[in-house]
Amino acid sequence: FFQDFSKAMSQAGSSQFQEVIRQELEYSMKVELDKILATAHSNEIEHTKKDLEGFKKLFHRFLQEKGPSVDWGKIQRPPEDSIQPYEKIKARGLPDNIASVLNKLVVVKLNGGLGTSMGCKGPKSLIGVRNENTFLDLTVQQIEHLNKSYNTDVPLVLMNSFNTDDDTKKILQKYSHSRVKIYTFNQSRYPRINKETLLPIAKDVSYSGENTECWYPPGHGDIYASFYNSGLLDNLIAEGKEYIFVSNIDNLGATVDLYILNHLMNPPNGKRCEFVMEVTNKTRADVKGGTLTQYENKLRLVEIAQVPKAHVDEFKSVSKFKIFNTNNLWIALSAIKRLQEKNAIDMEIIVNPKTLDGGLNVIQLETAVGAAIKSFENSLGINVPRSRFLPVKTTSDLLLVMSNLYSLNAGSLTMSEKREFPTVPLVKLGSSFTKVQDYLRRFESIPDMLELDHLTVSGDVTFGKNVSLKGTVIIIANHGDRIDIPAGALLENKIVSGNLRILDH
């Protein structure tokens, strides 16, 4: 008995002890955040306070939760009718009054990211993608085309971050005469925390100069609070808008789909969905994408970071979890307002570790927009064609969308009819191509890739004008060597390695 008693006491002691430590950490954090707030100018106090309050809530939850946040035993396959095939939704056709349905829609693009992973300074949305058009240009062209075709007023809303806001606003002036109303709001700005001490590394509110590394935008899950706090959500509801279509600005497949919109506004069973997530079938390249599951009788998005280590391989299996989240989401504005006012949007915390330039290890706490699906009523997944997921994350992706695999029409890219397979080739460009400017320098023109299956390029390689690539092409220049693919060359099922230079007289 004595042993059991003392064991129970020590366990109670350890959880009490943890509680004391938690309280101390929260108190220290509060003290530090108050110090930071005290450095704000009078015109910054209000929004800095909101940001730091939001961060405090997130930090509180971070201290409460330990380990992966899903109980693997409770994860089930979603019920049949909770993920609808796109074909079925398209088969319903469109009503005559599609314009009145479109007038209830707002397009929201997540525009908080920088182009740093592709070696660019400034917002990623300003990188040229096709015929000098940037991601932002293509988005505006798509919506303008929609508004002109149907005589509607679909606005575009950009969620910027403190990293992208100034540059984006400067560029927006060029669209002042386009037939699209454009609004922006900023996502929150949260302090990065030292991994060891769990305290902010910022000493004051400024985020320029040496302080740029002290702050971060907390992931796109921040959209609900920021959109609400900006006042824009209420304004759009007052204008009669009912749904937002949210997607990443670098997903060139995320265009407004009239069939999905019609399904939302005129549901077959009379009961409207508050949240629709577009999912698509996994290929081997997508094993890390979040997947939709049934969990405690709700649809739930499970990301790889939440999966217990022992089950990661199972999570990645293409046979068990066949679909992944494209991050194209359709959400009811009234539901966002209701849940935000009740503080009832529940999203798992993503702990993102970073190492700063000086070698300091920090963590940033983030959330993902799709994770809120379980907080909404009557959620639905729609299994869409792969063509609605065309993200440009690397220069390998950029090569695909710049090539003749796609044709551009009114801002939308569609797969060329001359391509005989429905899938795109697998392209892997080596580290000499990582930065956009290096990539552009290495291609005199974009090769013909209509009949390409697989391309791997590694090392110091350049391509002349009008090169054609077919089948499987592997080009490897070893260290110190250089390969120049001559203008007009046709490479079909070829491996090129060593040193190849074509010299002009």
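For clarity, every value in this text was computed on a predicted model and none was experimentally measured.

Calculation rules
Residues numbered from 1 in each chain as written. Predicted model: local features only at pLDDT ≥ 70, side-chain atom pairs only at ≥ 80, totals over all residues. Heavy atoms only, no water. Helix = DSSP H or I, 4+ residues; strand = E, 2+ residues; numbered from the N terminus. Buried < 20%, exposed > 50% of the residue type's maximum accessible area, 1.4 Å probe, protein only. Polar contact = N/O pair within 3.5 Å; in protein donor to acceptor, adjacent residues only side chain to side chain. Contact = heavy atoms within 4.5 Å. Pairing = 2+ DSSP bridges. Axes fitted to C-alpha atoms, helices over the stretch in contact; angles between N-to-C directions. UniProt positions renumbered as here; feature names shortened; annotations may be inferred. Core = buried A, V, L, I, M, F, W, Y, C linked by side-chain atoms within 4.5 Å. Domains from an automatic or database assignment. Buried area = accessible area lost by both parts, 1.4 Å probe.

## Here's the deal with the side chain of Thr-152
Position of Thr-152 relative to the elements: it lies in the loop between α5 (135–150) and β5 (156–160). On the basis of relative accessibility, which here comes to 6%, the residue Thr-152 falls in the buried class. Of note is the side chain of Thr-152, whose polar atom sits 3.0 Å from the side chain of Asn-147. Residues in contact with Thr-152, not counting those within four places in the same chain, are Ala-99, Leu-102, Asn-103, Leu-146, Asn-147 and Arg-179.

## Observations concerning the sheet that holds strand β15 (residues 350–355)
The sheet built from three strands is open, its strands ordered β8-β16-β15 with antiparallel pairing. On the outer flanks of this sheet lie β8 (193–194) and β15, each paired with one strand and no other. Helix-sheet contacts for helix α2 (residues 45–64) involve β8, β15 and β16 (361–366), and the interaxial angle to β16 is about 105°.

## Observations concerning the UniProt feature "binding site: substrate" (unreviewed entry) in the chain
UniProt records the feature "binding site: substrate" (unreviewed entry) at His-220, using the numbering of this structure. Looking at the element boundaries, His-220 is found in the loop between β9 (215–216) and α7 (223–229). Residue classification places His-220 among the partly exposed residues on the basis of a relative accessible area of 27%. Residue contacts for His-220: discarding those within four places in its chain leaves Leu-110, Met-159, Asn-248, Asn-327, Thr-367, Ala-368 and Val-369. Within the local environment of His-220, its side chain forms a polar contact with the side chain of Asn-327, the two groups lying 3.3 Å apart.

## Topic: the sheet that holds strand β21 (residues 452–458)
Pairing in this open sheet of four strands is parallel, and the strands run β20-β21-β23-β25 from one edge to the other. Because the sheet does not close on itself, it has two edges, and the strands there are β20 (426–429) and β25 (490–497). Between one strand axis and the next, the sheet turns by 10° as a mean value, whatever way the strands run. In this structure, β21 lies alongside strand β23 (residues 468–476), joined through six bridges in parallel fashion. Residue pairing across strands places Leu-452 opposite Gly-471, the latter belonging to β23. Its contacts with the sheet place helix α12 (residues 395–402) against β20 and β21, and it is angled at close to 130° to β20.

## Describing the UniProt feature "binding site: UTP" (unreviewed entry) in the chain
Per the UniProt entry, the sites bearing "binding site: UTP" (unreviewed entry) are Lys-124, Gln-187, Gly-219, Asp-250 and Lys-393 in this numbering. Mapped onto the elements, Gln-187 comes out in the loop between β6 (182–186) and β7 (190–191). Judged by relative accessible area, Gln-187 falls into the buried class, the value being 9%. Structurally, Asp-250 is set in the loop between β10 (243–248) and α9 (258–265). With near-sequence residues (within four places) excluded, Asp-250 lies in contact with Lys-124, Phe-135, Leu-390, Pro-391, Val-392 and Lys-393. Of note is the side chain of Asp-250, whose polar atom sits 2.8 Å from the side chain of Lys-124.

## Remarks on the side chain of Glu-274
Here Glu-274 is to be found in the loop between α9 and β11 (275–281). Among the polar contacts made by the side chain of Glu-274, one reaches the side chain of Arg-338 at a distance of 2.8 Å. In this view, Glu-274 contacts Trp-330, Ile-331, Ala-332, Ala-335, Arg-338, Phe-376, Glu-377 and Asn-378; residues no more than four positions away in its chain are not counted.

## What to know about the nonpolar core
Counting 107 residues, the largest nonpolar core has Ile-223, Tyr-224 and Phe-463 as the members making the most contacts within it. The leading source of residues in this core is α5, at six residues. Two domains each put at least three residues into this core: domain 1 (70–188 + 218–284 + 307–344 + 375–386) and domain 2 (393–495). Setting aside residues up to four positions removed in sequence, Ile-223 forms contacts with Val-108, Leu-110, Met-159, Phe-185, Tyr-228, Val-246 and Val-369. Phe-59, Ala-202, Tyr-216 and Val-362 belong to the second largest nonpolar core, which has 26 residues in total.

## As for the domain arrangement of the chain
Per the domain assignment, the segments making up the chain are domain 1 (70–188 + 218–284 + 307–344 + 375–386) and domain 2 (393–495). One C-alpha centre belongs to domain 1, the other to domain 2, and the line joining them spans 30 Å. Taken together, the contact pairs 19 residues of domain 1 with 18 residues of domain 2. Summing both partners gives a buried area of about 1400 Å² for domain 1 against domain 2, and 57% of it is carried by carbon and sulfur. The largest contributions to the domain 1 side of the interface with domain 2 come from Met-118, Val-129 and Arg-130, which together make up 41% of the buried area.

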